[in-house]
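What follows is the residue order along each chain.
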Amino acid sequence: MRRCETGRIFDVRRFSTRDGGGIRTTVFFKGCPLRCAWCHNPEGISLQRRPVWFSGRCIGCGDCASSARDGGVRATGNGMTLDPRAREDWDALMDGCPTGALRWDSRDVTADELMVELRRDAAFFAHGGGVTLSGGDPLMQPDFAREILLRCRAEGIHTAVETELEAAWPVAEAVLECADLIFADLKLMDPAMHRRYTGADNARILENLRRLLGGELGARTVVRTPLIPGVTATQENLAAIAIFLAEVRPEACYELLNYNPLAAAKYPLVGRRYLFEENPPRYTNVQMEDFRALVRRCGIRNLICE
């Protein structure tokens with residue numbers, strides 16, 4: 001695979017205590033093959049770089065709207081409306097914003113630049129931490145993801161990758177074999193439900209999971225299901241997933257992720273509609289234990305609990 005020196009990311013989050021053990025630095029890659037209706041990072045779905053407006057930072061000066069030449073920024077009763085398709089000098093508009101309310105949703109970085117950022121947390125990596133590639137999905141930028149993983153490996157930095165596994169197997173394998181730990185999402189077993197809520201069929205995801213769990217990479221893989229009320233968090237779906245995993249790899253490591261209600265606040269930034277009109281709460285400890293008991297009854301032996 002060719003070396004790729006440049007990638008597109010939308011965040012580098014430091015001091016994370018999840019997704020791989022220890023204190024971690026998580027790099028969020030732009031681009032995802034799925035369009036999950038509950039996506040926690042909707043700004044990472046599109047691979048395209050887009051301007052975004054943050055209402056909490058805006059002081060209402062109107063400079064951006066008055067300077068826009070092609071209607072890309074318009075003042076409304078609720079603040080500003082952006083049209084990313086407009087032929088604006090977006091960099092100039094952002095430079096003119098006094099508070100940084102208008103900015104790009106992502107940035108392009110070289111492998112050298114990103115490694116400089118990651119090395120700032122080297123003290124944590126030496127004590128059980130590491131680097132996690134998330135998104136979006138790193139498999140949307142496989143060459144860059146592989147490059148970063150190999151550079152981290154060369155420097156003794158523990159790595160993890162979070163993926164939907166919606167990619168051709170040779171592409172997925174070339175990236176995942178370079179990671180110390182793999183988090184693979186399995187959201188829905190029913191193909192029709194999967195298409196309805198993610199915009200894609202799950203046939204390739206299931207086949208990739210069979211390959212992943214059936215080979216040597218299965219020992220470093222954690223399969224995850226985000227618990228979305230009324231969608232993934234049903235007895236039928238969780239039982240089907242548990243039975244599938246137990247058949248493919250009896251010792252498969254499985255994790256149920258509690259519903260995260262914070263995602264809803266991001267959707268106005270990207271002009272998308274969130275799944276729920278009224279945002280449900282997280283599941284209680286008792287409810288989470290009921291979910292865990294269900295999947296244990298269906299054959300899961302190795303269950304990670306929050």
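Residues numbered from 1 in each chain as written. Predicted model: local features only at pLDDT ≥ 70, side-chain atom pairs only at ≥ 80, totals over all residues. Heavy atoms only, no water.

A. Quick peek at the pattern of salt bridges. Scanning all chains against the criterion turns up 26 salt bridges. Two residues, Glu166 and Arg204, come together in a salt bridge whose shortest N-O distance is 2.7 Å. With Glu166 in the loop between β9 (159-163) and α6 (169-176) and Arg204 in helix α8 (residues 203-214), this residue pair connects regions lying 38 residues apart in the sequence. Classification of Glu166 by relative accessible area gives buried; the value is 15%. A salt bridge links Glu277 to Arg273, with the shortest nitrogen-to-oxygen separation between them at 2.2 Å. Comparing Glu277 with Arg273 shows no difference in burial state: the two are exposed. Salt bridges sharing common partners tie together Arg18, Asp19, Glu162, Arg224 and Glu255. (Salt bridge = Lys/Arg side-chain N within 4 Å of Asp/Glu carboxyl O. Helix = DSSP H or I, 4+ residues; strand = E, 2+ residues; numbered from the N terminus. Buried < 20%, exposed > 50% of the residue type's maximum accessible area, 1.4 Å probe, protein only.)

B. Spatial organisation of the layout of surface pockets. Of the voids in this model, the largest pocket is the one considered here, and its volume is about 940 Å³. The wall of the largest pocket is formed by 38 residues, among which His40, Asn41, Glu162, Arg224 and Leu257 lie closest to the centre. For the lining of the largest pocket, the class distribution of residues is 15 nonpolar, 11 polar and 12 charged. The space that makes up the second largest pocket amounts to roughly 260 Å³. Around the second largest pocket, the lining comprises 14 residues; the ones closest to its centre are Leu82, Pro268, Leu269, Val270 and Gly271. When its residues are assigned to classes, the lining of the second largest pocket shows 10 nonpolar, 3 polar and 1 charged. (1 Å grid on protein atoms, 1.4 Å probe; cavity = no way out; pocket = protein on both sides within 12 Å on 5 of 7 lines; lining within 4 Å. Points joined across faces, edges and corners; volume = space filled by probe spheres on them. Nonpolar A, V, L, I, M, F, W, Y, C, P; charged D, E, K, R; others polar.)

C. Region of the structure containing a nonpolar patch on the surface. The grouping of Phe15, Ile23 and Phe124 at the surface amounts to a nonpolar patch, some 250 Å² of accessible area in total. Mapped onto the fold, Phe124 is located in helix α4 (residues 122-125). Here Phe124 falls in the partly exposed class, since its relative accessible area comes to 30%. (Patch = residues over 30% accessible without salt bridge, like charges linked within 9 Å, V, L, I, M, F, W, Y side chains within 5 Å. Areas by Shrake-Rupley, 256 points an atom, 1.4 Å probe, with all protein chains shown as cover.)

D. Highlighting the packing of aromatic side chains. If you walk through the whole model with that rule in mind, you get 8 aromatic pairs. Ring geometry for Phe29 and Phe144: centres 5.8 Å apart, planes at 50 degrees, overall tilted. Here Phe29, found in strand β2 (residues 24-29), pairs with Phe144, found in helix α5 (residues 142-154); they are 115 residues apart in sequence, far enough to count as distant. For Phe29, a relative accessible area of 0% gives the class buried. Classification of Phe144 by relative accessible area gives buried; the value is 0%. (Phe/Tyr/Trp six-rings, centres within 6.5 Å; stacked < 30°, edge-to-face > 60°.)

E. How the structure looks around the state of the cysteines. With the rule as written, the count across this model stands at 0 disulfides. In this structure Cys36 is a free cysteine whose sulfur lies 6.2 Å from that of Cys32, the closest cysteine sulfur available. No disulfide involves Cys39; its sulfur sits 6.3 Å from that of Cys36, the nearest cysteine. (Disulfide = S-S within 2.5 Å.)

F. The arrangement of the sheet that holds strand β13 (residues 302-304) in detail. Within the open sheet, the 9 strands sit side by side as β7-β1-β2-β8-β9-β10-β11-β12-β13. Their pairing is mixed. Strands at the two margins of the open sheet, each flanked by one partner only, are β7 (107-110) and β13. Neighbour-to-neighbour, the strand axes of the sheet open up by a mean angle of 30 degrees, direction not taken into account. Relative to strand β10 (residues 181-185), β9 runs parallel, the two sharing 4 bridges. When the sheet's bridge partners are listed, Val161 is paired in β10 with Ile182. Each of β12 (253-257) and β13 is contacted by helix α11 (residues 285-297), which is oriented at about 150 degrees to β12, the strand it contacts most. (Pairing = 2+ DSSP bridges. Axes fitted to C-alpha atoms, helices over the stretch in contact; angles between N-to-C directions. Contact = heavy atoms within 4.5 Å.)

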